[in-house]
Amino acid sequence: MTIPDGIHTGTLTTTSGEALLVVDHISLGYGEGADEKRIIQDLSLEVGYSEFVSIVGPSGVGKTTLLKGLSGLLKPKAGEIVIHGEKVTGPHPDIGVVFQDYSRSLLPWMTTRENIAFPLQGKGVGKAERNRKAEEALTAVGLEGQGDKYPWEMSGGMQQRVAIARALAYNSKVLLMDEPFASVDAQTRFDLEDLVIDLREKLGVTIMLVTHDVDEAIYLADKVIVIAEKPATVVDVIETGFGTHRDQVETKADPRFQDARGRILTRLRK
Ligand SMILES: Nc1ncnc2c1ncn2[C@@H]1O[C@H](COP(=O)(O)OP(=O)(O)OP(=O)(O)O)[C@@H](O)[C@H]1O
Ligand SMILES: [Mg+2]
């Protein structure tokens, strides 16, 4: 199986109609046997090529647990995850993760270039190529020429851009993001939201972003997946229908945005 040529935004499945990521009736929990704490039960979803999917749900419902499952860090108790036709059995090169807490995820003794290039070493990429990829990723996130700076010389928003650049340099098909903009101020948050929309459009990368911010979920996504209940499962899926264009003022005033917002908030209040 190969990815079709000319992937671009809006190409949600291959010509044969298959999805990039298929989550098939998975259950996730912590502990074993009688001591197990079940967090996610019988959850299924599909993500298309270059699709932007937001996952929204109340605090503590199991959003991070779901991402741990999708990234291969937590083994499902039941069900399976298939990416590009291949079953996920552990951390997978096609799946990159951007964690919420960038201040802990970047290594302070390495420059931003080294932070981005370092994981590529494990992939067997040579030094010159690692640095070239790091430079390219820095440019993609608007930090061209800033590779010599240390993370602690940068603002929170810039550090989060570096964390995104690191995931991009790895060339994963899917980027999983866990509340990636939670610890920055409102304006920086809007800038970073627009940056990931732009990256999706330019690079055709598939993005799954977890947030408890309903407005952010709708603004970014082609498809919003609402998870709720205990144990958690998918309770609603909303196609936003915005296409590729987004504008912080216009899109949020769009009647479709307001409808989606009402529907999700009502569902979450149940
Ligand atoms: N390593 C762990 N061992 C045991 N229980 C855990 C572990 N990690 C998370 N949990 C539990 O799993 C449940 C879901 O946690 P999770 O972090 O996935 O929620 P979340 O939706 O991401 O919450 P938030 O919105 O606060 O980030 C919580 O009850 C939490 O206490
Ligand atoms: Mg979480």
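These numbers come from a predicted model, not from an experiment.

A count of helical and extended segments in the chain gives 9 helices and 10 strands. Its C-alpha radius of gyration of 18 Å places the chain within 12% of the 18 Å reference for a compact globule of 270 residues. C-alpha extents for the chain along the principal axes are approximately 50 × 45 × 40 Å. Considering the chain as a whole, with its 270 residues, one finds that 40% of them fall into the buried category. Taking as baseline every contact in the chain between residues at least 6 positions apart, the subset at least 24 positions apart corresponds to 69%.

So, about the sheet that holds strand β1 (residues 21–30). Reading across from one edge, β2-β1-β4-β5 is the order of the 4 strands in this open sheet, with antiparallel pairing throughout. In the strand order of this sheet, the two ends are held by β2 (37–47) and β5 (86–87), each with one partner.

Moving on to the pairing of strand β4 (residues 78–83). The pairing of β1 with β4 spans 5 bridges and is classified as antiparallel. Pairing of serine 27 across the sheet is with alanine 78, part of β4.

This brings us to the site of ligand 1. Taken together, Tyr30, Lys37, Ile39, Gly57, Ser59, Gly60, Val61, Gly62, Lys63, Thr64, Thr65 and His212 make up the full set of residues adjacent to ligand 1. Mapped by element, the contributors of at least two residues to the shell around ligand 1 are β2 and α1 (63–70). Split into classes, the residues belonging to the shell around ligand 1 amount to 3 nonpolar, 7 polar and 2 charged.

Tracing the backbone through its elements, the reader meets valine 237 in strand β10 (residues 233–239). Each C-alpha atom of the pair valine 237 and isoleucine 227 lies 9.1 Å from the other, and the pair is 10 residues apart in sequence. With residues up to four places along the chain from it excluded, the contact list for valine 237 reads Lys223 and Ile225.

Glancing now at the pairing of strand β3 (residues 52–56). Within β3, 5 of the 5 residues are buried, leaving the element largely enclosed by the surrounding structure. In β3, alternate side chains face the same way, and those of Phe52, Ser54 and Val56 on one face and Val53 and Ile55 on the other are all buried. With 5 bridges connecting them, β3 and strand β8 (residues 206–211) associate as parallel partners. The partner of serine 54 across the bridge, within β8, is leucine 209.

Attention shifts here to the sheet that holds β10. An order of β6-β7-β8-β3-β9-β10 is seen for the 6 strands of this open sheet, with the pairing classed as mixed. Of all the strands in the sheet, the pair left with one neighbour each is β6 (95–98) and β10. On average, each strand axis in the sheet is tilted by 20 degrees relative to the strand beside it, whichever way the strands run.

Of all hydrophobic cores here, the largest spans 68 residues; its most connected members are Ala165, Leu176 and Val224. Counting residues domain by domain, this core receives three or more from each of domain 1 (18–94 + 173–255 + 261–270) and domain 2 (102–171).

Cis geometry marks the peptide bond from lysine 230 to proline 231, where omega comes out at -10 degrees. Among the secondary structure elements, proline 231 is positioned in the loop between β9 (223–228) and β10. Its identity as a non-glycine residue notwithstanding, glutamate 179 has a phi of 45 degrees, on the positive side. Inspection of the secondary structure puts glutamate 179 in the loop between β7 (174–178) and α6 (186–203). On the basis of neighbour counts, which here come to 19 C-beta atoms within 10 Å, the residue glutamate 179 falls in the partly exposed class.

Before going further, it helps to examine the domain arrangement of the chain. For the chain, the assigned domains read domain 1 (18–94 + 173–255 + 261–270) and domain 2 (102–171). Relative to domain 2, the C-alpha centre of domain 1 lies at a distance of 24 Å. The interface of domain 1 with domain 2 comprises 10 residues on the first partner and 7 residues on the second. A per-class count over the side of domain 1 that touches domain 2 returns 7 nonpolar, 2 polar and 1 charged.

Reading guide: rules and limits
- Residues numbered from 1 in each chain as written.
- Chains lettered and ligands numbered in written order.
- Predicted model: local features only at pLDDT ≥ 70, side-chain atom pairs only at ≥ 80, totals over all residues.
- Helix = DSSP H or I, 4+ residues; strand = E, 2+ residues; numbered from the N terminus.
- Rg over C-alpha atoms; globule rule 2.2 N^0.38 Å.
- Buried ≥ 20, exposed ≤ 12 C-beta atoms within 10 Å, placed from the backbone.
- Contact = placed C-beta atoms within 7 Å.
- Pairing = 2+ DSSP bridges.
- Near = placed C-beta within 6 Å.
- Nonpolar A, V, L, I, M, F, W, Y, C, P; charged D, E, K, R; others polar.
- Axes fitted to C-alpha atoms, helices over the stretch in contact; angles between N-to-C directions.
- Core = buried A, V, L, I, M, F, W, Y, C linked by C-beta atoms within 7 Å.
- Domains from an automatic or database assignment.

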